[in-house]
Amino acid sequence: MKSFYFTILLFLGFLGVQAQNIQVLNKVTKEPIFGVAIYNVDKSKSVITNFRGEAELDKFSETETIYFKHLSHVLKSITKQQLGDLNKVLLVSNTQGLEEIVISASKFQQSRKDIPQKIVSVDANKIQFINPQTSADLLENTGQVYIQKSQLGGGSPMIRGFSTNRLLITVDGVRMNNAIFRGGNLQNVISIDPFTIQSTEVTLGSGSVIYGSDAIGGVMSFYTQKPKLSYTDSLWFNANAVVRYASASNEKTGHFDFNLGYKKWGFITSASYTDFDDLRMGSHGPEAYLRPEFVKTTSTGDVIVENNNPLVQKFSGYSQINFMQKAHFEPYEDLSFDLGLYYTTTSDIPRYDRLIRYRNDVLRSAEWNYGPQNWLMSNFQVTKLSSKSNLYDKIKATLAYQNFQESRRDRDFDSTVRNIREEAVDAYSFNLDLEKRFSTKTEFFYGAEYVYNKVRSIGFEENISDNTKTATVSRYPNGSSWQSVAVYSSIKYKPNPKFVFQSGLRFNYVVSDADFTENNVYLNLPFDYSKNESEALTGTAGISWSPNPILQWKFNLSSAFRAPNIDDIGKVFDSEPGSVVVPNNDLKPEYAYGGEVGLKLNFNDKLILDTSTYYTYLDNALVRRDYSLNGETEIIYDGELSNVQAIQNASKAWIYGFEVGLKMPITNQLDLTSQYSIIGGTEQEDAVEVPIRHVAPSFGNAHLVWTLKDLKLDFFANYNGELSFYELAPSEIEKDYIYALDADGNPYSPSWYTLNFRAQYQINNAFSLTTSLENITDQRYKTYSSGIAAAGRNLVLSLKYSL
């Protein structure tokens, strides 16, 4: 009898050894894939992977072909014999499948095909391949966002002729725009660590119905990585480490992240450090971009020093630290809690475009730095699913706090006085978003939002010879506030798979308060207090229609608005050499009205053409214009007689454009993609139509991508059209020191191109290598309106280890 039991135990043990338990992972991220269908040729045998990506293959024979199928991954086939002792199967992401789902259009998942607006998305796999140095570079690599840089630590996006505070940035659904987002170029987007981004969605065109004020030209939505759970009693652990070097800026970057997944809890920790030296520009291009000399401060004073290598842009280097910690708790299948903590800080960032200005043929500034740019955000989100409620199927409540700190420190050549302005904003927000499906044809999205910003601002002068400090006018009225309350709704009606109608409305009330008592000691404004109240009703309506498998039409009408913020109402700063902007308490919102038509042609996936054209009318535009203060058109500011200006509702603008994208598989391994954008527009200035500052030149790219097993190669070109002297906005002509000179000695923005090569190789399951050679021909160029020249020939090496 004992021998019988012993035999049974041996047999069971033998079966246990023979049962092959495998795990299916994403080839790049090494994350487990849930819901992979595993089956044989006639589908008589099948299994599905669990939340850990695991499944048993014991029902399959050694020699029969097994298929691994998942919606967002490429189909894979293999036999158990070929697997051998391997217990992992790696699937390649199907980027097209992943990009079919978008969140930013309604704050809930929708099919991209159903959205009447154009949305560009980039997933984690593509981000790893692009290997961007900053999130601004990530946006630029979409081919549909233009990036301006005043300095190396910069990156101000332009979308369809709009920029800065007419564009909106969100991180995990939380509004990043605050009360001091300005009309001048912004670099807040670089605070978002590209290593933490799971996906990025860029809405081209208005997003005011969902996101409110500022979302006139577009919305850039960043979604960071989420903690993964094991859904079992055992721990699921995943970790990544990355090191990167880039030659043009001598960049040195290190990053690590790790995930701890338990049955109901998940945690993810991420940290990055980047150090940039002075950036080297290319060898072939306009001489006006060279850096022949720079100011050096010695113990005896400021001296001008010859630059041994004029291609090196002294001083432009900086460093940055990013940290993220997230926790996810899922006590029940229909209830989850998410907590996120984000922190970014930089060193001083030299304002390079101000360091290359001359006055009377002598460099004007001895120093001009942005102080450390600090960003802290904590957000708490509760998500509840319900099949019984009459009010919602899904509800999300998000509570967030952000703290922004920035400063400016400048000193003129041979001056002992350093001007310092420091600002901080505390931003609180609450969002309630709900989704309800009334039928298989109709979905309803609605919600409410409250935002409160408190601004702190100080100004002082520091004497560097004796370290004494004297109070002076601050950049913003200290203690000012900005509040927004809104409700919104949108409806999606899909009577059949070919036709979708979407429409929405939003009502917004915005109020700002500013006390100018402290600054009136220096300005003597005709008012001590300002309260600005605005109401706005915006809407959108559009259709998506696919009459056949080849054609897809999209048509959308929308309105958007931007309410005056504290930067508009109360700022005091030197906008350009010889001019100073002063507060104006008589401002109203600006409104945009636009339309877009899109046509996508898909010839059986052999050739895909995606085109769109758009038109936007901006009314009551908030622009900087000449002004008088107590009857005076000039005042002394930071020791200089300056022309007085103020933000005013003094203009109208007309912006239009055309975009075309192409995708053509040449072979199973070789793809050709291309993107091209043309933008035009004018604004009204003193009853005359003039070019608009943020209308970029025509620009585009072309990529030839070859993929085979563990190797991916990309040879690509980026190109940019010219803006002649007559096509520059008046405010750009005044900044002639950042531009090249034409044959008549006038500033203009030359055309340029770069040839580039990028490669990624999966060495083994743990290591992957990504390398790029950018600007192969070493062109010297600047993107439009940029103060700093772009990198010359640049070798980028990145090694990633995954556990």
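Summary of the structure given here. On a predicted model such as this, the values are computed, not experimentally measured, just so you know. (Residues numbered from 1 in each chain as written. Predicted model: local features only at pLDDT ≥ 70, side-chain atom pairs only at ≥ 80, totals over all residues. Heavy atoms only, no water.)

1. A short note on unusual backbone geometry
Just so we agree on the cut-off: Strands are runs of DSSP state E lasting at least 2 residues, helices are runs of H or I lasting at least 4, and numbering of each runs from the N terminus.
In this structure, the amide linkage connecting Lys-314 to the following residue, Phe-315, adopts the cis form with an omega of -5°. When you line up the elements, Phe-315 lands in the loop between strand E22 (301-306) and strand E23 (318-332). Of note, Tyr-231 is a non-glycine position whose phi angle comes to about 60°, a positive value. The backbone of Ala-687 shows a phi angle near 65°, a positive value even though the residue is not glycine. Of note, Ala-687 is situated in the loop between strand E44 (670-685) and strand E45 (688-691).

2. Quick look at the nonpolar core
A general tendency of soluble globular proteins is for nonpolar side chains to be buried together. Put simply, the rule is: To form a nonpolar core, buried Ala, Val, Leu, Ile, Met, Phe, Trp, Tyr and Cys residues must be joined to one another through side-chain atoms within 4.5 Å. For every residue, the accessible area (1.4 Å probe, protein chains only) is compared with the maximum for its type, and the residue is labelled buried under 20%, exposed over 50%, or partly exposed between those bounds. By the convention used here, residues are in contact when the closest approach between their heavy atoms is within 4.5 Å.
Leu-139, Ile-169, Val-189, Ile-192, Val-202, Met-220 and Phe-222 are the most contacted members of the largest nonpolar core, which totals 80 residues. Sorting elements by how many residues they give to this core places strand E41 (residues 608-626) first, with four residues. Excluding residues within four positions of it along the chain, Phe-222 makes contact with Ser-135, Leu-138, Leu-139, Ile-169, Thr-170, Val-171, Asp-172, Val-189, Ile-192, Ile-197, Ser-199 and Thr-200.

3. Focus on the environment of Ile-566
If you trace the backbone, Ile-566 turns up in helix H9 (residues 566-570). The class of Ile-566 is buried, set by a relative accessible area of 1%. Taking the C-alpha atoms as reference, Ile-566 lies 35 Å from Ile-127; in sequence the two are 439 residues apart. Among all residues touching Ile-566, those that are not within four sequence positions of it are Ala-179, Val-455, Tyr-476, Pro-477, Ser-480, Ser-481, Trp-482, Ser-512, Asp-513 and Lys-571.

4. Re the sheet that holds strand E14 (residues 167-171)
Backbone hydrogen bonds are what pair the strands of a sheet, in a parallel or an antiparallel way. Rules: Paired strands, as defined in this entry, are two strands with at least two bridges between them according to DSSP.
As summarised here, the arrangement of the five strands in space is E10-E16-E17-E14-E15, forming an open sheet in which the pairing is mixed. On the outer flanks of this sheet lie strand E10 (118-123) and strand E15 (174-175), each paired with one strand and no other. Here two bridges tie E14 to E15, and the two strands are oriented antiparallel to one another. Considered in E15, the bridge of Thr-170 is made with Arg-175.

Read these as layout, nothing more, since geometry by itself doesn't imply function.
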